[in-house]
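# Structural description and commentary
Listed here are the chains, written in short residue letters.
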Amino acid sequence: MKKQLLLLIALLAFTVGNSQILEPVKWTASIEKISDTQYNLVSKATIDPGWHLYSQNVPEDGPIPTTFTFDDANGAFKFVGNTGEEAGRVVNDPVFQMRIKFFEKSAVFVQRVELLGDVKTVNGTVEFMVCDDSRCLPPTEVELEFHLNGVSNKKVENTIENSVTDNDAINNALYGFTPKDISLQKGKVEVKKSLWSIFGLGFLGGLLALLTPCVFPMIPLTVSFFTKKGDESKSSGFGKAVLYGFFILLVYLILSIPFHLLDSVNPDILNEISTNVWLNIIFFVVFVFFAFSFFGYYELTLPSSWTNTTTKGENAGGIIGIFFMALTLAIVSFSCTGPILGSLLAGSLTADGGAWQLTAGMAGFGVSLGLPFALFAMFPNMMNALPKSGGWLNTTKVILGFLELALAFKFLSNADLVKHWGLLKIEPFLIIWILIFVGLALYLFGKIKFPHDSPIKKLSFSRISGGILVAAFAIYLASGFRVNKETNTFTPLTLLSGLAPPVGYSWLYPSTTTNNLKTFKDLKEGIAYAKSVNKPIMIDFTGYACVNCRKMEEHVWPLEKIDNYLRNEYVLISLYVDDKKDLPEGEQVEVNRVNGGKRLLKNYGHKWANFQTQFFKSNSQPYYVLLNAEGDTVLTEPVGYTPDEDEYAAFLEAGLQAFKAMK
């Protein structure tokens, strides 16, 4: 039930210099003598922590099953039954979102054979697929050797002699060049802005919270308390007011600490929480609940005992008393700040960066909420410019309610995309958002009222102008139903990038290909085309059974910013490392493995997996490599699964700039 949304998890940024060949499973072969003619061939897999090996029997559209083949030695033995396996675990697999049997830590497989002649050794091969909660490795074959003369527990990973094979000649024949022919042109990827972006969103959220009836009236009351208190000097009151503003910031920073503790226990836990299908549904329900609270149908409050406790703490005086005043403000204002903080929390957890994203957002929120108290304490006369409390404060709350309601459907859309319910495709999503913002426009024009609204005698300029802007946005949403003739899909809306479902997720115009992109599945053919049009290349190492690959192709590539790069700036070459189609006989050759031993390339999956490991020292998918038109220069450091639109766009832009710099 968890499937792919558990997979927004770890950003797998492998580089040419520090990429690694992952080998999380080690195999040993041994025998058990049953009688003079019957033996058990025992294959044991030792699995690294965090990885799991799949059973021999998996559901359709699932992973590659573990498969054993044995050389029958020209009929010198026969099989007794099928290959048996341990009980393992049958769980809702976090990668493929189906109930699958897999093994963790270790697995034992047993095949009984009966000897019909003189047999000293039985040779076999195991093909298997291994995954963790964020990635899968391509199908791997390992040779097994069972010695019936008593030799057992032989570590087969180290038994194959590394005989000399002319890999350069083979690479030239298969791919047209060798690893030595490729150089690295260091393109620089700038992705540091993400924390500042979410800090800015938090700051904006804090400003909105200031304009609510829970917070705004407290500004003059609190400032006057600090600027004039008994016989204290003005400078003393000034200092305490500044300290009060700082403590407001500190309170909200403290709220993010538990998420850092979770992050230290399991770096992926925040993404695992946020990307769970059912949690996205809970977010949807909670946001609707927040929205109707802002509409005025009920109030969200924390227990009164909390307020009473913090109020008592204010009497302690000094720095401790000021801290409790700040804490009291946070508790008393929760009915207005809670939904905004909930939005910030959900937004942070569903973005890559987890706890630090949340801390940045909380910092922005705390700064914008605490700064006015310190500023007005410094310059009390500025409060004369503040507007008087009134109905406009409730109007602000209602506007926030409409925004919360719109965001709620973003989370429902997340769940729908992953579960493939087909309920909230692009058409109903846009219709719902259009209705929400039409409703907001009607509210601003005074056509809709909520419980705490004051009577409107005359529409103010701000309400009229705001209503016009919101109505214009509703029209902009409606423009999303324009059909793009080039892609035969609806036109993506830039302002909804990352919020709305992909345009290919549609009832009327479903996308039958990867966003209708021109894609090559043969390396040489793709490079030849890139040379003819003088465009850089993106090699997409992917797999039919790679869920993260599908997530990138279906949810990230269709975004307008990314689509423009892939459609107009790059030549896309997708190489499937689990393609079972047999290679032509002339290409079925033996090659040296990167980590020792040899392997026979039998099919196209073997060919492309070997290309990835030989040339880029990586064997996980998805994996994206940017090359110049000739295919002999890596333009910037390759990356793996990169669900963040801005980071992926920065990667593509860095490669493009490096390519232009070479001209």
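Values in this document were obtained by computation on a predicted structure and should not be read as measured data.

Bringing the overall build of the chain into the picture now. The helix and strand inventory of the chain stands at 19 helices and 22 strands. A total of 663 residues make up the chain; the buried ones form 51% of that total. The contacts in the chain between residues at least 6 apart in sequence include a share of 74% that link residues at least 24 apart. Total accessible area on the chain is roughly 29,800 Å²; 59% of this is exposed by carbon and sulfur atoms.

By the burial criterion, the buried members of helix α1 (residues 167-175) are N167, I170, N171, L174 and Y175. Take α1 and look down its axis: the buried residues cluster within an arc of 100 degrees, on one side only. Buried-residue contacts for α1 involve α15 (523-533), β19 (590-592) and α18 (604-616). Just downstream of α1 lies G176, where phi reads positive at about 95 degrees.

For the rest of this paragraph, the subject is the sheet that holds strand β4 (residues 67-70). Spatially, the three strands line up as an open sheet ordered β4-β9-β11, and their pairing is antiparallel. Bordering the open sheet on either side are β4 and β11 (140-147), each of which pairs with just one other strand. Sheet twist, expressed as the mean angle between neighbouring strand axes with direction ignored, is 25 degrees. Both β4 and strand β9 (residues 121-128) contribute to a ladder of four bridges, which runs antiparallel. When the sheet's bridge partners are listed, T67 is paired in β9 with E127.

What follows deals with the nonpolar core. Counting residues in each nonpolar core, the largest one holds 53 residues, and the members touching the most others are M538, W557, F611, Y648 and L652. At seven residues, helix α19 (residues 645-662) tops the list of elements feeding residues into this core. Ignoring sequence-local partners within four residues, the contact set of L652 consists of M538, I562, Y565, L566, Y570 and L626. With 35 residues, the next largest nonpolar core counts F287, I426, I434 and A441 among its residues.

So, about the confidence of the model for the chain. Across the chain, the average pLDDT comes to 76, with 72% of residues at 70 or higher. Here residues 1-19 is a poorly scored stretch, pLDDT under 50, and it has 90 contacts once near neighbours within four places are set aside; other chains count. Taken as a whole, residues 263-272 scores under 50 in pLDDT and shows 21 contacts with residues more than four places along the chain or in a different chain.

Thresholds applied
Residues numbered from 1 in each chain as written. Predicted model: local features only at pLDDT ≥ 70, side-chain atom pairs only at ≥ 80, totals over all residues. Heavy atoms only, no water. Helix = DSSP H or I, 4+ residues; strand = E, 2+ residues; numbered from the N terminus. Buried < 20%, exposed > 50% of the residue type's maximum accessible area, 1.4 Å probe, protein only. Contact = heavy atoms within 4.5 Å. Areas by Shrake-Rupley, 256 points an atom, 1.4 Å probe, with all protein chains shown as cover. Arc of directions from axis to C-beta. Pairing = 2+ DSSP bridges. Axes fitted to C-alpha atoms, helices over the stretch in contact; angles between N-to-C directions. Core = buried A, V, L, I, M, F, W, Y, C linked by side-chain atoms within 4.5 Å. pLDDT = per-residue confidence, 0-100.

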